[in-house]
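# Per-entry structural report
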Amino acid sequence: MPDRKPVSLRLLAPFAAALALIAGTAQAGPTLDAVKARSTVKCGVLNSPGGSAPDANGEWRGFNADFCRAIAAALFNDPRKVEFVATTRQQRFTAIQSGEVDVLIAGVTQTVTRALQLGLHFGPIVLHDGQGFLVPKALKVAKATELDGATVCTMPGTTTELNVTDFFRLNKISYKPVVAEEFREVLAAFTAGRCDVLTQDASALAITRSQLPKPDDYVLLPERISKEPIAPAVRFGDDQWQEIVNWTIWATIQAEEFGIARDTVDGFAGSPDPSVRRFLGIDPGIGEAIRLDPRWAYNIVKAVGNYGEIFERNYGKDSPLKFARGPNELVQRGGLIVSPPFR
Amino acid sequence: MTAVRLAHLGGGRAWLRRCVGTPLNAALTAAALGLLALALPPLLRWAVLDAVWSGPPSACRGAAGACWAFIAAKLRFILVGLYPPAAAWRAVAAAGLLGGLVLLSAHPRLWRPWLLGAWAAGLAATLWLLGGGGGLEPVASRLWGGLPLTLLLTAGGLVAGFPLGVALALARRSRRRTPRLLATVVIETVRGLPLIVILYVASLVFPLMLPGGISVDKLLRAGAGMTLFAAAYIAEAVRAALQAVPRGQAEAALSLGLRPTLVLLLVVLPQGLKMAIPSLVTIAIGFFQDTSLVAVIGVFDLLNTTRAATLDSEWLGFHDEAYSFVAAVYFVVCAAASHYGLWLERRLNPERRR
């Protein structure tokens, strides 16, 4: 197995070697072998509303949790074959590096340092997040550039505040900052109308809005003034496993591009379209290439639905968060979500 | 304690005299009553009068008071976490078993050797109930959570930490240099580190030291770290108590021809441990509260299940209700333990009673 641990950890190698002798076990094969041997996918998640959180019955629900289930459906034709491993912000990267989880779908922003210093391959971007603006509808603003002269609630010294300053300067419009140390105070100021604009990552704004006394009185502006591409991560040195994760996510996107949904997927069995037939495994080919059940993509859609369904169920209009798709719309409808061709 | 006992002796009238007897006391009483008058009505209005007791999340939107419907909907999750609903009775039974063991151990009259056996059997039964096997459906440790887990971490850490702590205390008092040095290094290192650092080492550094493919259960790692932490503090409490046993006791026993091991087991330790009990109870209460730190490594103890319950997008934003509820649970347990400690102290040291 190639070295996948940061340089500093090599100092610990003698300990690891000693422990290996004590344990007397050979190194396990690649992740895919381990996953197949244990018949479950260990999926690292992070508690967040809409992302992944246990419901009243202790079932993990959310956008990230559904992608974990999609991987299990692709491999085992059973979305329940997931071991959800709750991680924390501090501990999530250790969990993936140490092999405690097979894949990390925990709201991680893809960055170059994370990829190279932590030894992680990022999969397809599942969520284009970024800093947005929440304003009262009464303000009658449709675009962020119309916010000239607005009062903006921020917390001092944060990246959020810097992004706001840059955005207003670049667009040559003015704003008045209302600064408070704590998010609770910021929120109180916004609810009381002491500022016109609340700014955070857009997904966080959707969560905040759903908790306001009258969520429908506020609107999330379409602009994103920072980049927070959220992607799943796997360890270096597991190419086959990485491809399965990647193509599982792309399969949900491709399904939406084809217009195939959870409820309608069975109706496509007789489809004359050769690309749909290949995708659903009616005509063989792709399953062999990825070394999975020929109907793996069908199984994914049948289990969790297409990308749009996953989004709307957890973040969007079918959820309490009512997060508009915005950049997370398909490319063919003006967003950024796209799948490479399945052929 | 003196104040309360005097009040008991003198009845309500004496108590009243203590409250308003001197100008200073009268002023303090008035100030306290004033604060209560300010704080209580809004609290009552929030917690009782304007509260929503049942219904869906929509029933709570716009309500002025607390949304206890949230607690009602999430009660099972807060108490047993991710534990499979069909097997929830096992988690409840495990919590009951641990609680029963604590109650059983409460009275000094029952402090007999068989109690140690009862604890060993009780902990084994708890692990069996939670983990399954032997006729019960296996439940992975990552699904354990809530109150049973908090109790298990507390009881397991203390029960395993106690013998280790006593051994460390004895080693530190040893005449031989090597055990003394080793024990001192262990105790001072562990006591010099915050528990959260020990947990991070157990959950972040340790797994990276293991070769690929081998992983030690996260809960076990956390439990081992906490046991070590408890042992270091217990060791110091026990050592201090052993120090307080008059030297003449050991000398008298030796001069009667008792072997040194027996002197320790029959004379010094029984007297020393008795004196260590008040500080051990304090350590136990602190340790119970410290278990909530396992949340930082993603273990679902009682506090973390409560936090997770507030992140369900169906029920967002009910932090006040959630934390009020869990604070009440922690308070009841800790207050009961602390009163028990006071009672025990009086009972064990009747000569000190005033």
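Residues numbered from 1 in each chain as written. Chains lettered and ligands numbered in written order. Predicted model: local features only at pLDDT ≥ 70, side-chain atom pairs only at ≥ 80, totals over all residues. Heavy atoms only, no water.

Turning our eyes to something else, we now look at the overall build of chain B. Counting its secondary structure elements, chain B contains 14 helices and zero strands. Reading the secondary structure of chain B in the N-to-C direction produces α-α-α-α-α-α-α-α-α-α-α-α-α-α. The principal-axis extent of the C-alpha atoms belonging to chain B is close to 80 × 70 × 35 Å. A burial count over chain B gives 41% of its 354 residues as buried. Accessible surface for chain B amounts to roughly 18300 Å². Of this, 70% is attributable to carbon and sulfur atoms. For chain B, the centre of its 31 positive side-chain charges and the centre of its 14 negative side-chain charges are spaced 14 Å apart. (Helix = DSSP H or I, 4+ residues; strand = E, 2+ residues; numbered from the N terminus. Buried < 20%, exposed > 50% of the residue type's maximum accessible area, 1.4 Å probe, protein only. Areas by Shrake-Rupley, 256 points an atom, 1.4 Å probe, with all protein chains shown as cover. Lys, Arg positive; Asp, Glu negative; His and termini not counted. Charge placed at Lys NZ, Arg CZ, Asp CG, Glu CD.)

Next up on the list: the overall build of chain A. Secondary structure assignment for chain A yields 13 helices and 14 strands. Here the C-alpha atoms of chain A give a radius of gyration of 22 Å, agreeing with the 20 Å that 2.2 N^0.38 yields for 343 residues. For the C-alpha atoms alone, the extent of chain A along its principal axes is close to 65 × 60 × 40 Å. Among the 343 residues that make up chain A, the fraction classed as buried is 53%. Once local pairs closer than 6 in sequence are excluded, the contacts in chain A between residues at least 24 apart make up 71%. Working note: accessible area of chain A is about 15100 Å², and carbon and sulfur atoms make up 55% of it. (Rg over C-alpha atoms; globule rule 2.2 N^0.38 Å. Contact = heavy atoms within 4.5 Å.)

All right, on to the pairing of strand E9 (residues 150-154) of chain A then. All names here are of chain A. Counting buried residues in E9 gives five out of five residues, a clear majority hidden from the surface. Going residue by residue along E9, you find Ala150, Val152 and Thr154 tucked away on one face and Thr151 and Cys153 tucked away on the opposite face as well. Crossover E9 to strand E10 (residues 175-179) through helix H6 (residues 159-170) is right-handed. Across two bridges, E9 lies against strand E11 (residues 197-201) in parallel orientation. In the strand pairing of E11, cysteine 153 is matched with leucine 198. (Right-handed = clockwise from strand over helix to strand, strands pointing away. Pairing = 2+ DSSP bridges.)

Residues and elements named next belong to chain B. Per-residue pLDDT for chain B averages 88, and the proportion of residues at 70 or more is 95%. When mean pLDDT is compared element by element in chain B, helix H8 (residues 177-191) scores highest at 95, while helix H1 (residues 2-20) scores lowest at 65. Both scores are given for the predicted complex: the pTM is 0.85, the ipTM 0.80. (pLDDT = per-residue confidence, 0-100.)

Attention shifts here to the sheet that holds strand E8 (residues 131-136) of chain A. Residue and element names in this part refer to chain A. Spatially, the five strands line up as an open sheet ordered E10-E9-E11-E8-E12, and their pairing is mixed. At either end of the open sheet lies a strand with only one pairing partner, and these are E10 and strand E12 (218-220). Going across the sheet, the axis of each strand differs from the next one's by a mean of 30 degrees, ignoring polarity. The sheet contact formed by E8 and E12 spans three bridges and is antiparallel. Looking at E12, one finds that leucine 134 is bridged to leucine 220. Set on the sheet, H6 makes contact with E8, E9, E10 and E11; between it and E8 the angle comes to about 80 degrees. (Axes fitted to C-alpha atoms, helices over the stretch in contact; angles between N-to-C directions.)

With that settled, the discussion passes to the pairing of strand E4 (residues 82-87) of chain A. All names here are of chain A. Extensive coverage of E4 is indicated by the burial of six of its six residues. In this structure, strand E1 (residues 41-46) lies alongside E4, joined through six bridges in parallel fashion. Its bridge partner being in E4, valine 45 is matched across the sheet by alanine 86.

What follows concerns the environment of B:Val296. Looking at the element boundaries, B:Val296 is found in the loop between helix H12 (260-290) and helix H13 (302-309). Residues B:Val296 and B:Leu136, spaced 160 residues apart in sequence, show a C-alpha to C-alpha distance of 30 Å. Leaving out residues up to four positions away in the same chain, B:Val296 has contacts with A:Thr88, A:Gln90, B:Ile196 and B:Tyr200.

A separate point is helix H3 (residues 63-76) of chain A. Taking 1.5 Å per residue, 14 residues should reach 20 Å; H3(A) reaches 20 Å between its end C-alpha atoms and fits that length. Most of H3(A) sits inside the fold, with 13 of its 14 residues counted as buried. (Expected span 1.5 Å × (residues − 1).)

A separate point is the nonpolar core. Ranked by size, the top nonpolar core spans 103 residues in total, and within it A:Phe63, A:Leu75, A:Val103, A:Trp241 and A:Trp296 carry the most contacts. Top element by residues in this core is H3(A). It accounts for 10 residues. Looking at which domains feed residues into this core, each of domain 1 (7-128 + 229-333) and domain 2 (131-226) of chain A gives three or more. What A:Trp241 contacts, discounting residues up to four positions off in sequence, is A:Thr31, A:Leu32, A:Val35, A:Val41, A:Ile71, A:Leu75, A:Asp102, A:Val103 and A:Val234. Among the nonpolar cores identified, the runner-up in size contains 56 residues, and B:Leu101, B:Ala183, B:Val267 and B:Ile283 belong to it. (Core = buried A, V, L, I, M, F, W, Y, C linked by side-chain atoms within 4.5 Å. Domains from an automatic or database assignment.)

This next bit is on the interface of chain A and chain B. Taken together, the contacts link 40 residues of chain A with 38 residues of chain B. Regarding the contact of chain A and chain B, the summed buried area is about 3200 Å², with carbon and sulfur atoms giving 61% of it. Of all residues in chain A, A:Asn47, A:Ala56 and A:Gln211 give up the largest surface area on contact with chain B, accounting jointly for 14% of the area buried on that side. For the interface between chain A and chain B, the tally reads four salt bridges. Scanning the region where chain A abuts chain B turns up seven residue pairs in polar contact (both at pLDDT 80 or more). Contributions of two or more residues to the side of chain A that touches chain B are made by helix H1 (13-23), strand E2 (53-54), E4, helix H4 (92-97) and helix H8 (202-211) of chain A. With five residues, the single largest contributor to the side of chain A that touches chain B is H1(A). Considered class by class, the residues forming the side of chain A that touches chain B number 19 nonpolar, 15 polar and six charged. (Buried area = accessible area lost by both parts, 1.4 Å probe. Salt bridge = Lys/Arg side-chain N within 4 Å of Asp/Glu carboxyl O. Polar contact = N/O pair within 3.5 Å; in protein donor to acceptor, adjacent residues only side chain to side chain. Nonpolar A, V, L, I, M, F, W, Y, C, P; charged D, E, K, R; others polar.)

Residues and elements named next belong to chain A. Residue placement: serine 226 occurs in the loop between E12 and strand E13 (228-230). By relative accessible area, serine 226 is classed as buried at 16%. In contact with serine 226, not counting residues within four places along its chain, are Asp129, Gly130, Gln131, Asn163 and Asp201.

Turning to the pattern of salt bridges, a few remarks are in order. In total, this model carries 21 salt bridges over all chains according to the counting rule given. A salt bridge links A:Glu100 to B:Lys218; its shortest N-O distance comes to 3.8 Å. Of this pair, A:Glu100 sits in the loop between H4 and strand E5 (103-104) while B:Lys218 sits in helix H10 (residues 218-244), on two different chains. By relative accessible area, which is 14% here, B:Lys218 ends up buried.

The subject of this paragraph is the domain arrangement of chain A. Residue and element names in this part refer to chain A. Structurally, chain A comprises domain 1 (7-128 + 229-333) and domain 2 (131-226). Computed from C-alpha coordinates alone, the two centres of domain 1 and domain 2 are separated by 33 Å. Taken together, the six residues of domain 1 in the interface contact eight residues of domain 2. Taking both sides of the interface into account, the surface hidden between domain 1 and domain 2 amounts to around 630 Å²; carbon and sulfur atoms contribute 70%. On inspection of domain 1 and its partner domain 2, the count reaches zero salt bridges.

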